[in-house]
Structure formats: structure tokens, C-alpha cells
Amino acid sequence: MSLIGKMEIGRPVGQKALEAAPDMILEIEDIRSLADEPFKFIFWASGDDFQTYESALTDDPTVSDYTCLTELPERRLYQVQLSEEGQQNTLQPIAIEQDIVPISLTMTVESVEFVGRFPSRSAIITLKEKCDKLDRPFKLINLYEEKPVEKDGGRTNRYGVTSSQRDALITALEKGYFDVPRETRMEDIADELDISTSALSAQLRRGQKALLRHTLANGSSV
């Protein structure tokens with residue numbers, strides 16, 4: 001079985017822009033690359049100073065271009081294309097090479113909180129070695145072997161959700177987060193699970209997406 005690892009990695013790509021707006025929290029939605037083109041990061045940014053952040057993106061040496069895809073009152077969806085310097089400092093090539101599958105990736109001015117599925121311990125070691133070469137601090141927070149979900153008939157993650165996503169979804173359901181009107185706040189659920197609200201938001205969205213793909217959209221091209 002694969003391993004689920006959670007780690008903190010320092011000096012995130014795009015750090016200069018984050019330093020200009022230190023309260024900004026980025027939640028990665030997708031990372032794309034076509035042929036020899038630079039990587040493009042698609043992420044939600046939440047904070048209260050989008051104007052400063054966008055101005056800083058223009059001056060960030062790791063960013064060659066950015067586009068705001070969606071504007072909401074409290075967050076915005078961006079697409080950022082890395083510069084040559086950004087390409088040299090991103091860990092995405094190692095993730096592809098080692099078959100590391102991202103589960104959640106949250107960036108702040110201080111670090112990157114990464115949760116991923118690793119095919120082996122050697123893949124984690126390789127990732128750490130790359131961080132060392134790039135002078136990016138690496139801290140492994142926890143690591144566990146992916147196992148069948150309890151009461152799941154022995155089938156592993158039959159709905160495609162991770163254990164942390166399952167815990168978040170079940171807790172939110174039991175606390176009335178999905179009721180209309182809602183009976184609890186995201187902050188209260190995050191406190192009970194001892195995680196940040198941004199991490200909880202990512203787990204809920206990714207968990208719901210996995211459930212939809214493995215149920216209503218099962219067998220479709222979605």
C-alpha cells in the first residue's frame with residue numbers, strides 16, 4: 001500500500017509576493033504543464049489585500065505571468081506561470097518523477113503544508129534531498145500507511161476519499177454544516193479537528209469532489 005505523508009516545506013515559490021501580503025493563504029487547485037512550457041499553478045487565494053498581492057506578483061522573480069480567473073468577495077482564483085527561476089525552485093518535477101500524488105497543498109508566507117500519497121519511503125527521501133539542494137527547509141509532520149477504511153468491507157477508499165477528508169466530511173455532516181441553514185461554522189469544525197480553516201476547506205472540497213467522481217460521475221468523462 002502507498003504512504004500518506006504530511007510535511008512542511010519552507011521558502012515557497014512566490015514567497016516575495018506573499019511577503020508583501022503576509023496574511024494571504026493559497027490553496028492549490030491544480031498544477032499544469034504542456035510539453036516544455038513552464039508550470040502553471042492554479043490556486044485560490046484568501047486574504048484582505050488582493051491589490052497588494054497582485055502588484056507583488058508582478059515583481060516576484062519566480063513568477064513570469066499571472067491571471068485572475070475568478071473574483072469572489074473573500075477569495076480569488078489565480079493562474080500563475082512560473083519564471084525560469086521559479087522553474088528551478090519548484091518541486092513539481094520531483095513529484096512527477098517519483099509518482100507523488102498531491103492530496104492538499106496550502107501555501108503561506110512561512111511555508112508550504114503538503115499532504116501527498118507516496119509510493120514508497122524512498123520517494124520521500126528523494127523529495128527531502130531535493131529540498132536540501134534547493135535550501136528549502138523540510139519537516140516531516142506525520143507518515144502512515146494507507147489502510148482500508150473501517151466498516152468498508154475491506155475495500156480501500158472505495159469512494160476515493162482519504163482518511164482526513166473522510167473525518168472532515170463526517171464531522172461537518174454530524175455538526176450540521178451541510179444543513180440549511182447551517183448549524184455550525186467552519187471555524188468550529190476546524191477547531192475540533194485541530195486543523196486550520198484553510199486546510200478544512202481544502203479537505204471538504206476535495207472530499208466532495210472525490211465522492212462525486214466515484215458515485216454520480218462514476219464512469220463518465222468528468
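Residues numbered from 1 in each chain as written. Predicted model: local features only at pLDDT ≥ 70, side-chain atom pairs only at ≥ 80, totals over all residues. Heavy atoms only, no water.

Visitor: What should I look at first to understand the pattern of salt bridges in this one?
Guide: Close approach of charged atoms allows side chains of opposite charge to pair. Scanning all chains against the criterion turns up eight salt bridges. Here Glu27 ties to Arg205 by a salt bridge, and the two come within 2.6 Å at their closest N and O atoms. Separated by 178 residues along the polypeptide, Glu27 in strand 2 (residues 25-32) and Arg205 in helix 8 (residues 197-214) bring together distant segments of the chain. Glu71 is the salt-bridge partner of Arg76, the closest N and O atoms lying 3.8 Å from each other. (Salt bridge = Lys/Arg side-chain N within 4 Å of Asp/Glu carboxyl O. Helix = DSSP H or I, 4+ residues; strand = E, 2+ residues; numbered from the N terminus.)

Visitor: Could you clarify how one ought to interpret a nonpolar patch on the surface in this entry?
Guide: Judged by side-chain polarity, Ile170, Leu173 and Phe178 come together as a nonpolar surface patch covering roughly 260 Å² of accessible area. When you line up the elements, Phe178 lands in the loop between helix 6 (163-174) and helix 7 (186-193). A residue is classified by how much of its surface remains accessible, and Phe178, at 35% relative accessible area, is partly exposed. (Patch = residues over 30% accessible without salt bridge, like charges linked within 9 Å, V, L, I, M, F, W, Y side chains within 5 Å. Areas by Shrake-Rupley, 256 points an atom, 1.4 Å probe, with all protein chains shown as cover. Buried < 20%, exposed > 50% of the residue type's maximum accessible area, 1.4 Å probe, protein only.)

Visitor: Would you take a moment to explain the packing of helix 6 against helix 7 for this structure?
Guide: As a packed pair, helix 6 and helix 7 sit with axes 10 Å apart at the nearest point and diverge in direction by 130°. As judged from the angle between their axes, helix 6 and helix 7 are oblique. Taken as a pair, helix 6 and helix 7 cross one another with a handedness that is right-handed. Two secondary-structure elements touch here, helix 6 through Asp167, Ala168, Thr171 and Ala172 and helix 7 through Ile189, Glu192 and Leu193. Here the residues of the contact of helix 6 with helix 7 are counted per class, giving four nonpolar, one polar and two charged. (Axes fitted to C-alpha atoms, helices over the stretch in contact; angles between N-to-C directions. Parallel < 35°, antiparallel > 145°, perpendicular 65-115°, else oblique. Left-handed = near helix turned anticlockwise from the far one by under 90°. Contact = heavy atoms within 4.5 Å. Nonpolar A, V, L, I, M, F, W, Y, C, P; charged D, E, K, R; others polar.)

Visitor: Just to check I follow, could you spell out the nonpolar core for this structure?
Guide: The tendency in soluble globular proteins is for nonpolar side chains to be buried side by side. Counting 39 residues, the largest nonpolar core has Met24, Leu26, Phe43, Tyr53, Phe118 and Leu127 as its most contacted members. Beyond its immediate sequence surroundings of up to four residues, Leu127 is in contact with Met7, Leu91, Ile94, Ile100, Phe118 and Phe138. Val161, Leu169, Ala172 and Ala210 belong to the second largest nonpolar core, which has 11 residues in total. (Core = buried A, V, L, I, M, F, W, Y, C linked by side-chain atoms within 4.5 Å.)

Visitor: Honestly, the packing of aromatic side chains in this entry has me stumped. Any pointers?
Guide: Given two aromatic rings, one states the distance between the centres and the angle between the planes to describe the pair. Going through the model one piece at a time under the given rule, you end up with five aromatic pairs. A centroid spacing of 6.2 Å and a plane angle of 90° characterise the contact between Phe114 and Phe118, whose relative ring orientation is edge-to-face. Note on Phe118: relative accessible area 0%, which makes it buried. Among the aromatic residues, ring-to-ring pairing joins Phe43, Tyr53, Tyr66 and Tyr78 into one connected group. The ring of Trp44 is capped by Arg75, whose NZ or CZ atom sits 3.9 Å from the centre of that ring. A cation sits over an aromatic face here: Arg182 above Tyr177, 4.0 Å from the ring centre. (Phe/Tyr/Trp six-rings, centres within 6.5 Å; stacked < 30°, edge-to-face > 60°. Lys NZ or Arg CZ within 6 Å of the ring centre and 35° of its normal.)

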